[in-house]
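Coordinates in review
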Amino acid sequence: MNSAIESRAEPQQGLPLTNHNPWRTYFLLIAGSLLLTLGAVVMLMVALCTGFQMRRLYSEVLGRGLGKAVLRLCGIRVERHGAEPDGTQQSIFIANHTSTLDVFILLSLGLPRTRFFLKRKYRLIPPLAIIGHVVGVFFTPPQTQRLKRVRCFQNAERVLRNTGDSVFLSPEGTRITSGEIGPFNKGAFHLATNLRSPIIPIFIAIPKGINPGRGFSVKPGVVGVYFQAPIATTEWKLQDLQQNKTAIRNHFAEWNTRLRVK
């Protein structure tokens, strides 16, 4: 993997939030931080007691419970639609990325045998650094550090090939709060091509009225998570990377028009 990871356009700015209660926002920020810290400590203790050998327990049980607890704190209920993976086949999960809530929604799904990509800057937040280390997150350098980013994806490919684990990453690379689907990076599609693993798209539909965007002003409500049919990659070739990336982004744009909750 060398030229597979492209630089992306500047992220779109978040929409302004209106009619939100600042006291609720402060409460959720403080309570959520405490809950995240507690979850990280519990996860680290369990990992130490099990010699860091039970990653699925840390991710699919403890991580899932943490994600659900944060969503419950925020008054968010997740409705799941479509056939969910059973973990018998290595897959590349991708999803749209519109909100701060996304990371907790994804944790709450308990995706089987799945690792995650997360921006390296979040490693500066101690609870996220602990959780990321325990569950085997790949921390990605920024787009401006191209060589380091390439090496990160190369390492991820080696780990995934050796373990057979699935992986989740957002092709948009950042939260896009304009209501549209942002530009896609190539990393997910390069991984899928090299590993010959199917891509499973997930569409996360958060109603505009409860979506905190890049902030924390979330309101109670229902979020829809739609599992789409797997997309085979066994015939994909690296020279078709741009074409395949564009085709799947077009699918997301269609789902966005059809599934987006106003």
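These lines cover the structure that appears in this document, whether it is placed above or below.

The rules behind these values
- Residues numbered from 1 in each chain as written.
- Predicted model: local features only at pLDDT ≥ 70, side-chain atom pairs only at ≥ 80, totals over all residues.
- Heavy atoms only, no water.
- Buried < 20%, exposed > 50% of the residue type's maximum accessible area, 1.4 Å probe, protein only.
- Helix = DSSP H or I, 4+ residues; strand = E, 2+ residues; numbered from the N terminus.
- Pairing = 2+ DSSP bridges.
- Contact = heavy atoms within 4.5 Å.
- Axes fitted to C-alpha atoms, helices over the stretch in contact; angles between N-to-C directions.
- Patch = residues over 30% accessible without salt bridge, like charges linked within 9 Å, V, L, I, M, F, W, Y side chains within 5 Å.
- Areas by Shrake-Rupley, 256 points an atom, 1.4 Å probe, with all protein chains shown as cover.
- Salt bridge = Lys/Arg side-chain N within 4 Å of Asp/Glu carboxyl O.
- Core = buried A, V, L, I, M, F, W, Y, C linked by side-chain atoms within 4.5 Å.

**Here's the deal with the pairing of strand β6 (residues 199-205)**
The buried count for β6 comes to seven of seven residues, which makes it a mostly enclosed element. Of the two faces of β6, the one lined by I199, P201, F203 and A205 and the one lined by I200, I202 and I204 are each fully buried. Strand direction decides the pairing type here: strand β2 (residues 92-95) and β6, joined by four bridges, are parallel. Bridge assignment links I92 to a residue of β6, and that residue is I199. Pairing between β6 and strand β7 (residues 221-227): four bridges, direction antiparallel. By the bridge assignment for β7, I204 is matched with V225.

**Topic: unusual backbone geometry**
Phi angles above zero are rare outside glycine, and F52 is one such case at about 55°. Relative to the helices and strands, F52 is located in the loop between α1 (22-49) and α2 (55-74). By relative accessible area, which is 34% here, F52 ends up partly exposed.

**A closer look at the side chain of S108**
Position of S108 among the secondary structure elements: in helix α3 (residues 102-109). Taking the relative accessible area as the measure of exposure, S108 reaches 4% and is therefore buried. When sequence neighbours within four positions are dropped, the list of residues in contact with S108 reads R64, G67, K68, L71, V78 and R80.

**Regarding the sheet that holds strand β5 (residues 166-169)**
The pairing of strands in a sheet comes from backbone hydrogen bonds and takes either a parallel or an antiparallel form. Read from one edge to the other, the open sheet built from seven strands follows the order β1-β7-β6-β2-β5-β3-β4, with strand pairing classed as mixed. A single partner strand is all that each edge strand has here, and the edge strands are β1 (76-81) and β4 (138-140). On average, each strand axis in the sheet is tilted by 25° relative to the strand beside it, whichever way the strands run. As defined by bridge partners, β1 adjoins β7 across six bridges and the pair is classed as parallel. Bridge pairing in β7 places V78 opposite V223. Across the sheet, α2 touches β1 and β3 (114-119), and the angle it forms with β1 is around 125°. Contacts from helix α5 (residues 146-163) reach β3, β4 and β5, with the element oriented near 165° to β4.

**Section: a nonpolar patch on the surface**
Taken together, the side chains of W23, Y26, L29, I30, L34 and F216 present a nonpolar region at the surface, about 720 Å² in accessible area. Relative to the elements of secondary structure, F216 occurs in the loop between β6 and β7.

**Considering the pattern of salt bridges**
What the rule picks out here adds up to seven salt bridges. Across the salt bridge formed by E79 and R77, the nearest N and O atoms sit 2.9 Å from each other. Taking the relative accessible area as the measure of exposure, E79 reaches 31% and is therefore partly exposed. Notably, a salt bridge pairs R80 with E84, separated by 2.5 Å at the nearest N-O pair.

**Focus on the nonpolar core**
I76, I105, I202 and I204 are the most contacted members of the largest nonpolar core, which has 36 residues in total. Elements with a contribution of two residues or more to this core: α1, α2, β2, α3, α4 (126-135), β6 and β7. Those residues in contact with I76 that lie beyond four places of it in its chain are L71, L101, I210, V218, K219, P220, G221 and V223. Formed by 26 residues, the second largest nonpolar core is a distinct cluster that contains I94, A156, F184 and I199.

**Details of the pairing of β5**
Side chains S166 and F168 of β5 all project onto a buried face; the interleaved residues V167 and L169 project onto the opposite face, where all are buried too. Bridge count for β2 against β5 is three bridges, and the pairing is parallel. Each bridged residue has a counterpart across the sheet, and for F93 the counterpart in β5 is F168. Direction of pairing for β3 relative to β5: parallel, over a ladder of three bridges. Paired with R115 across the bridge in β5 is V167.

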